[in-house]
Amino acid sequence: MRLGVAESPDFTAVQRSGAISRSPVRDLITNNWREMLLGGLSSTAAPTLGYLMFVYMLAYSRQALGLPPTYVLWLTVAAGVVWIPLVLVTARLADRIGRRPVLLGGLIGIVVWALPFFALVNTGSLAAMIVAYLGGVIAVSFATGAQAAFIAELFPAPVRYSGTSMAYQIGSILGGGVAPIVFALLYARSGSSTPIAGYLLATAALSLVATFVLFTRGSARNGGTASTRPEPTPAVEGTADAH
């Protein structure tokens with residue numbers, strides 16, 4: 001339901017041309033499955049690190065470090081408070097300088113920070129854990145700040161809403177649903193944070209490769225030049241009958 005919000009120019013053009021897709025999911029899977037899958041993989045790293053910091057660390061800090069739950073809980077709350085305005089800043093930055101440097105910078109940051117994050121957390125020092133969380137929040141903010149527009153730009157207007165949603169759900173399931181379970185299993189079997197850090201690093205590297213492939217293939221709108229001051233992405237399909 002929308003009250004007083006105009007349709008996006010792209011979708012308005014689709015409505016006028018009569019090219020509205022009556023089966024967008026079918027059309028998406030038929031014509032844009034590569035973008036959907038690669039977009040999903042691109043969206044996996046950020047929730048993987050995000051759920052590591054905001055969900056799994058609550059259990060890990062108690063089991064591995066013997067810290068009281070409130071210790072990390074307040075650290076998590078503080079990190080969330082920092083994250084919210086930082087995402088707004090990085091999203092604006094992506095509009096100004098382009099999706100490519102912001103998104104790739106965030107994913108590279110996650111790759112680089114995977115091992116140092118646990119090295120700092122495992123000290124049990126509050127100062128070191130603050131640095132660990134701050135680095136993680138910065139990396140995730142850069143990735144998520146550019147990701148929304150980047151994913152939307154992968155798909156043509158008739159299937160943009162469906163494509164964006166499907167890509168995000170793939171990333172959310174792999175990064176937010178599967179990852180915490182994998183973290184717990186890895187620690188239960190090894191008793192060490194090293195496999196967890198390795199899993200995070202591998203996931204971030206996979207997202208980085210998928211994102212680089214999408215940029216290289218020119219899958220984003222504007223001729224694949226999302227790295228060079230793209231036009232702001234408008235809202236996607238807006239009426240129920242388009243889905």
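Take the nonpolar core next. Residues Leu52, Met57, Ile110 and Phe117 are the most contacted members of the largest nonpolar core, which totals 50 residues. Sorting the residues of this core by element identifies α3 (33–42), α4 (45–63), α5 (69–97), α6 (99–121), α7 (126–152), α8 (160–190) and α9 (194–217) as the ones contributing at least two each. Examining the composition of this core, we find that 10 residues originate from one element, α7, more than from any other. When neighbours within four sequence positions are excluded, Met57 is seen to be in contact with Leu52, Val72, Phe117, Phe118, Val121 and Tyr133.

Attention now moves to the packing of α7 against α8. The contact between α7 and α8 brings their axes to 9 Å, and the two run at 135 degrees. By the angle between their axes, α7 is oblique relative to α8. Taken together, the residues of α8 that come into contact with α7 (itself represented by Gln147, Ala148, Ile151 and Ala152) are Arg160, Thr164, Ala167 and Tyr168.

Tracing the backbone through its elements, the reader meets Ser61 in helix α4. Accessibility expressed as a relative area gives 0% for Ser61, which makes it buried. In this view, Ser61 contacts Gly66, Leu67 and Val72; residues no more than four positions away in its chain are not counted.

Right, let's get into the pattern of salt bridges. This model, assessed by the stated rule, comprises four salt bridges. Of the charged contacts in the structure, one is a salt bridge between Arg217 and Glu35, with a shortest N-O distance of 3.6 Å. Here Glu35 lies in helix α3 and Arg217 lies in helix α9, a separation of 182 residues in the sequence. The class for Arg217 is partly exposed, based on a relative accessible area of 43%. Among the residues examined, Glu35 registers a relative accessible area of 11% and is labelled buried. Three or more residues joined by partner-sharing salt bridges are found here, namely Asp95, Arg99 and Glu153.

Conventions we followed
- Residues numbered from 1 in each chain as written.
- Predicted model: local features only at pLDDT ≥ 70, side-chain atom pairs only at ≥ 80, totals over all residues.
- Heavy atoms only, no water.
- Core = buried A, V, L, I, M, F, W, Y, C linked by side-chain atoms within 4.5 Å.
- Buried < 20%, exposed > 50% of the residue type's maximum accessible area, 1.4 Å probe, protein only.
- Helix = DSSP H or I, 4+ residues; strand = E, 2+ residues; numbered from the N terminus.
- Contact = heavy atoms within 4.5 Å.
- Axes fitted to C-alpha atoms, helices over the stretch in contact; angles between N-to-C directions.
- Parallel < 35°, antiparallel > 145°, perpendicular 65-115°, else oblique.
- Salt bridge = Lys/Arg side-chain N within 4 Å of Asp/Glu carboxyl O.

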